[in-house]
Amino acid sequence: MAKQKKTLLQEFTKGIIKENPVLRLVLGTCATLAVSTAASNAIGMGLATTFVLVCSNAVISLLRRVIPDKVRIPSYITIIAGFVTIVQMFIKAYSPDLDKALGIYLPLIVVNCIILGRAEMFANKNPVLPSIIDGLGMGVGFTATLLLMGIIRELLGAGTIFGVAVTANFMDPILIFILPPGGFFVFGLLIALANKLSGEGKAPEEIGCKGCPLAGGCSRLQAKEGTEK
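How each quantity is defined
- Residues numbered from 1 in each chain as written.
- Predicted model: local features only at pLDDT ≥ 70, side-chain atom pairs only at ≥ 80, totals over all residues.
- Heavy atoms only, no water.
- Helix = DSSP H or I, 4+ residues; strand = E, 2+ residues; numbered from the N terminus.
- Contact = heavy atoms within 4.5 Å.
- Phe/Tyr/Trp six-rings, centres within 6.5 Å; stacked < 30°, edge-to-face > 60°.
- Buried < 20%, exposed > 50% of the residue type's maximum accessible area, 1.4 Å probe, protein only.
- 1 Å grid on protein atoms, 1.4 Å probe; cavity = no way out; pocket = protein on both sides within 12 Å on 5 of 7 lines; lining within 4 Å.
- Points joined across faces, edges and corners; volume = space filled by probe spheres on them.
- Nonpolar A, V, L, I, M, F, W, Y, C, P; charged D, E, K, R; others polar.
- Core = buried A, V, L, I, M, F, W, Y, C linked by side-chain atoms within 4.5 Å.
- pLDDT = per-residue confidence, 0-100.

1. Here's the deal with the side chain of Asn-41
Here is step 1 of the chain: With respect to the helices and strands, Asn-41 occurs in helix α3 (residues 39-62).
Here is step 2 of the chain: In this structure, Asn-41 is in contact with Val-35, Leu-98, Ala-101 and Leu-102, ignoring residues within four places of it in sequence.

Below, the structure written as structure tokens:
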């Protein structure tokens, strides 16, 4: 039981930093750059995507032995489209402003590479509970990235956070941050930060000649040892 809990925890946390779908796997970047101009848009898109990820992963995992191999991708898209339609109808009914702000990117969740990728690489090969946890972890990582980008771009580009003025008294808005160049700039910085936190880019460890598997028959190493003696 303890081992299973540890495994599920690893499945959940991997999507936050180590395998963050946006910053490490570089998936869903189109929607990320488009809707992260404001924190409210970012969190709305993130939560909608997380709901679809969790639900579609669960259903695809349940049907993984039933869906024929030849039609698995169309089947995934049909399942995902059903949940996206539910989300879109809910947002239209209860938050029309958010629906207007997200625009075409809300229905385009259907072909979001993050959702299709998790369906193909994980849900199609694993039981229901791990698939749900995987979808939840990836959704949290996606939402956190969108929210962080949204806060940075809205704060620097408009001087507000969630529409509340923050920098009006001491700094003028830097409008480029709510434009595409500013989005790419923030995106690049966050990718560099994620790589740093995940340990990628460290210099390889020096193992020396003695650590080499061919050290026993290496003439250079034998000559070096003879010189030292």
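2. A short note on the packing of aromatic side chains
Here is step 1 of the chain: Following the criterion strictly, the structure yields 3 aromatic pairs and no others.
Here is step 2 of the chain: On the basis of an interplanar angle of 80° and a centroid distance of 6.4 Å, the ring pair of Phe-51 and Phe-83 is categorised as edge-to-face. Residue Phe-51 is located in helix α3, and its partner Phe-83 is located in helix α4 (residues 72-94); the two are separated by 32 residues in the primary sequence.
Here is step 3 of the chain: Given the relative accessible area of 36%, Phe-51 is considered partly exposed.
Here is step 4 of the chain: Assessed through its relative accessible area of 17%, Phe-83 is described here as buried.
Here is step 5 of the chain: Both rings, one in Phe-90 and one in Tyr-94, keep their centres 4.8 Å apart while their planes meet at 40°; by these two values the pair is tilted. Highlighted residues: Phe-90 and Tyr-94, both in helix α4, separated by 4 residues, approximately one helical turn.

3. Structural notes on the environment of Leu-175
Here is step 1 of the chain: Along the polypeptide, Leu-175 turns up in the loop between β2 (164-165) and α8 (180-198).
Here is step 2 of the chain: With 21 residues separating them along the chain, Leu-175 and Glu-154 place their C-alpha atoms 9.3 Å apart.

4. Description of the layout of surface pockets
Here is step 1 of the chain: Space inside the largest pocket adds up to approximately 200 Å³.
Here is step 2 of the chain: Considering the residues around the largest pocket, the lining is formed by Ile-43, Gly-44, Leu-47, Ala-48, Phe-51, Ile-86, Val-87, Phe-90, Ile-91, Ser-95 and Leu-98.
Here is step 3 of the chain: Per-element tally for the lining of the largest pocket: the top contributor is α3, with 5 residues.
Here is step 4 of the chain: Of the residues that constitute the lining of the largest pocket, the class distribution is 9 nonpolar, 2 polar and no charged.
Here is step 5 of the chain: Volume-wise, the second largest pocket comes out at about 180 Å³.
Here is step 6 of the chain: Lining the second largest pocket are 13 residues, with Gly-28, Cys-30, Ala-31, Leu-108 and Asn-112 positioned closest to its centre.
Here is step 7 of the chain: Here the lining of the second largest pocket takes 3 residues from helix α2 (residues 29-35), the largest share from any one element.

5. Description of the nonpolar core
Here is step 1 of the chain: Core analysis: the biggest nonpolar cluster contains 38 residues, and Met-45, Val-52, Leu-106 and Ile-109 have the highest contact counts within it.
Here is step 2 of the chain: Contributions of two or more residues to this core are made by α2, α3, α4, α5 (96-102), α6 (113-123), α7 (128-158) and α8.
Here is step 3 of the chain: Sequence-distant contacts of Met-45, that is, excluding residues within four places in its chain, are made with Ala-31, Val-35, Leu-102, Tyr-105, Ile-109, Phe-142 and Leu-146.

6. Observations concerning the confidence of the model for the protein chain
Here is step 1 of the chain: With 84% of its residues at a pLDDT of 70 or more, the protein chain has an overall mean of 85.
Here is step 2 of the chain: Within the protein chain, helix α9 (residues 219-228) has the poorest average pLDDT of any element, 59, and α3 the best, 94.

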